[in-house]
Amino acid sequence: TAITASGKKLSDAALTASDKWPAGTLEWIDGNDKPLSEDTEVMVNTTYRWQFTPTDSNYNILAGEIQLYHVDAPAITSQPKNVSVVTGERAVFEVAAMGTALTYQWKIDRNDGKGFVDIAGANSASYTTGATDADCNGFKYQCVISNAAGSVTTDTAVLTVKEKYTITATAGEHGSISPNGDVEVVEGSSQTFVIT
């Protein structure tokens with residue numbers, strides 16, 4: 001019986017002899033042909049040996065091996081992208097991966113010399129930041145994706161936070177400006193004004 005979840009024991013593998021076999025003993029054995037306890041935990045991607053010893057010595061001892069619990073390590077299919085937001089907005093980082101029973105842990109590097117640290121509660125394929133401010137500019141993010149077979153870390157994605165400025169445009173009594181009044185402009189962008 002195949003094992004499909006962690007924490008299972010050899011007893012869960014339900015090793016049974018064919019009813020066509022003669023009387024004998026069927027058991028799990030280690031590398032030294034010594035019996036393994038039925039309480040032995042089944043490890044992922046590990047080969048286990050079994051042996052059937054007939055009671056009647058006219059029959060041969062039969063042995064074999066099997067991988068009871070196989071899981072492929074995670075494989076990233078889409079890396080997180082760099083994100084640019086305006087102060088006060090939230091940034092969203094996403095990753096896609098293939099694999100069985102995947103877990104996610106997003107990490108952040110705040111450029112404070114501590115390197116990447118876990119983000120509490122950031123345990124899904126996407127992560128949304130809180131409202132950003134200028135201090136968040138340049139923060140780096142990555143995600144560690146794991147399962148029973150191993151883990152893989154995404155590429156690093158960088159957060160860019162731009163300031164939003166207000167330009168107040170007015171004209172005197174002998175002309176006009178368009179647009180006029182308070183105009184919001186994001187850092188690094190441009191705004192055209194028409195003056196008459």
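First, a word on what this report is: a plain description of the structure on this page.

Cut-offs applied
- Residues numbered from 1 in each chain as written.
- Predicted model: local features only at pLDDT ≥ 70, side-chain atom pairs only at ≥ 80, totals over all residues.
- Heavy atoms only, no water.
- Helix = DSSP H or I, 4+ residues; strand = E, 2+ residues; numbered from the N terminus.
- Pairing = 2+ DSSP bridges.
- Axes fitted to C-alpha atoms, helices over the stretch in contact; angles between N-to-C directions.
- Buried < 20%, exposed > 50% of the residue type's maximum accessible area, 1.4 Å probe, protein only.

1. Digging into unusual backbone geometry
Working step 1: In this structure, P179 follows S178 across a cis peptide bond, with omega equal to -5°.
Working step 2: Within the secondary structure layout, P179 lies in the loop between β15 (177-178) and β16 (181-186).
Working step 3: Positive phi, close to 50°, is recorded for N45, a residue that is not glycine.
Working step 4: Mapping N45 onto the fold places it in the loop between β1 (24-29) and β2 (47-54).
Working step 5: For N111, which is not a glycine, the phi torsion comes out positive at approximately 60°.
Working step 6: Here N111 is to be found in the loop between β8 (103-109) and β9 (117-118).

2. Topic: the sheet that holds β2
Working step 1: One open sheet holds the 3 strands; their spatial order is β1-β2-β3, and the pairing between them is antiparallel. The two strands at the open ends of the sheet, each matched to only one other strand, are β1 and β3 (62-67). Between one strand and the next, the sheet's axes are offset by a mean angle of 20°, whatever the strand orientation.
Working step 2: For β2 and β3, the ladder comprises 6 bridges, and the chain directions are antiparallel. Within β3, the residue paired with Y48 across the bridge is I66.

3. A closer look at the pairing of strand β13 (residues 157-162)
Working step 1: Covered by surrounding structure in β13 are A157, L159 and V161 only, the residues V158, T160 and K162 on the alternate face being uncovered.
Working step 2: Summarising the sheet, strand β11 (residues 140-147) and β13 pair through 2 bridges and their orientation is antiparallel. Paired with K140 across the two strands is V158, which belongs to β13.

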